[in-house]
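Examination of the molecular architecture
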Amino acid sequence: MSRVLVIDDELSIREFLSILLQGEGLEVSTAATGEEGIEALKSGDFDLVITDLKMARLSGMDVLQAAKSHDPSLQVIVITAFGTTETAVLAMKEGASDY
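Everything numeric here is computed off the predicted structure, so don't read it as measured data. Per chain, the residues get numbers from 1 upward, laid out in the order the sequence is written. Restriction of local features to residues with pLDDT of at least 70 applies here, the model being predicted, together with a cutoff of 80 or more for giving and counting side-chain atom pairs; totals for whole chains, interfaces and linings are based on all residues. The basis for every side-chain value is the complete set of heavy atoms in the structure, and neither hydrogens nor water enter the calculation.

**What about the overall build of the protein chain?**
A tally of regular secondary structure across the protein chain gives 4 helices and 4 strands. The C-alpha atoms of the protein chain give 12 Å as radius of gyration, which agrees with the globular expectation for 99 residues (13 Å, within 12%). Per-residue burial over the protein chain gives 36% buried out of 99 residues. Here, residues are in contact when the closest pair of their heavy atoms is within 4.5 Å. In the protein chain, the share of contacts with a sequence separation of at least 24, taken over all contacts with a separation of at least 6, comes to 63%. The helix and strand labels rest on DSSP assignments: H or I over at least four residues marks a helix, E over at least two residues marks a strand, and numbering proceeds from the N terminus. Radius of gyration here uses only the C-alpha atoms, and the compact-globule reference equals 2.2 Å multiplied by the residue count raised to the power 0.38. In this scheme, a residue with accessible area under 20% of its type's maximum is buried, one over 50% is exposed, and one in between is partly exposed, where area comes from a 1.4 Å probe on protein chains only.

So this is what it looks like as structure tokens:
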């Protein structure tokens, strides 16, 4: 079973994505902050990370960089309600699978 880590500071988004992904047969772990997400990356073996871009202390870009440092082949999707062309280009240059 594929393992997915969902990182978002909004509880409703974490819950929605968890329900959706579990319905597709995936094993889902969640984290409410970038810090929690990075700690989960260190202790877990994930196939995919879905992270919010804008979070309090560590952003989704910080999570993306930590994830790629931990495992360069790890697939990372950055999500946001505040997207710009500049952040999309930066995320893709940093190795995001999608934005």
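**Observations concerning the packing of aromatic side chains**
Think of it this way: a Phe, Tyr or Trp ring, Trp meaning its six-membered ring, pairs with another when their centres are within 6.5 Å, and the plane angle makes it stacked under 30 degrees, edge-to-face over 60, tilted otherwise. Enumeration over the complete set of coordinates arrives at 0 aromatic pairs. Here, a charge over a ring means that NZ of Lys or CZ of Arg falls within 6 Å of the ring centre while also lying within 35 degrees of the ring normal. Between the NZ or CZ atom of Arg3 and the centre of the ring of Phe46, over which it lies, the distance is 4.5 Å.

**What about the pattern of salt bridges?**
Counted as salt bridges are all cases of a side-chain nitrogen of Lys or Arg within 4 Å of a carboxyl oxygen of Asp or Glu. Enumeration over the complete set of coordinates arrives at 3 salt bridges. Between Lys42 and Glu39 there is a salt bridge, with the nearest N and O atoms lying 3.2 Å from each other. Taken as a pair, Lys42 and Glu39 lie in helix H2 (residues 34-43) at a separation of 3 residues, close to a single helical turn. When its relative accessible area of 47% is taken as the criterion, Glu39 is described as partly exposed.

**Regarding the sheet that holds strand E4 (residues 75-79)**
What links the strands of a sheet is backbone hydrogen bonding, and the strands pair in either a parallel or an antiparallel sense. On the basis of which strands lie adjacent, the open sheet formed by 4 strands has the order E2-E1-E3-E4 and parallel pairing. Edge positions in the sheet fall to strand E2 (27-31) and E4, since each has one partner strand and no second. Direction aside, neighbouring strands of the sheet carry axes that sit 15 degrees apart on average. Structural elements are reduced to axes, namely lines fitted to C-alpha atoms, with helices fitted over the stretch in contact, and the angle between N-to-C directions of any two is expressed from 0 to 180 degrees. Sheet contacts for H2: strand E1 (3-7), E2 and strand E3 (48-52); angle to E1, the most-contacted strand, approximately 160 degrees. A pair of strands counts as paired when DSSP detects no fewer than two bridges linking them.

**Considering the nonpolar core**
In this description, a nonpolar core means a group of buried Ala, Val, Leu, Ile, Met, Phe, Trp, Tyr and Cys residues linked to one another through side-chain atoms lying within 4.5 Å. Residues Leu5, Ile7, Leu41, Val49, Leu74, Val76 and Val78 are the most contacted members of the largest nonpolar core, which totals 19 residues. Tallying contributions element by element places helix H3 (residues 60-70) first for this core, with 4 residues. Residues in contact with Leu41, not counting those within four places in the same chain, are Leu5, Phe46, Val49, Val63, Ala67, His70 and Leu74.

**Looking at the pairing of E3**
Buried residues dominate E3, accounting for 5 of its 5 residues. Of the two faces of E3, the one lined by Leu48, Ile50 and Asp52 and the one lined by Val49 and Thr51 are each fully buried. For E1 and E3, the ladder comprises 4 bridges, and the chain directions are parallel. Bridged to Ile7 within E3 is Thr51.

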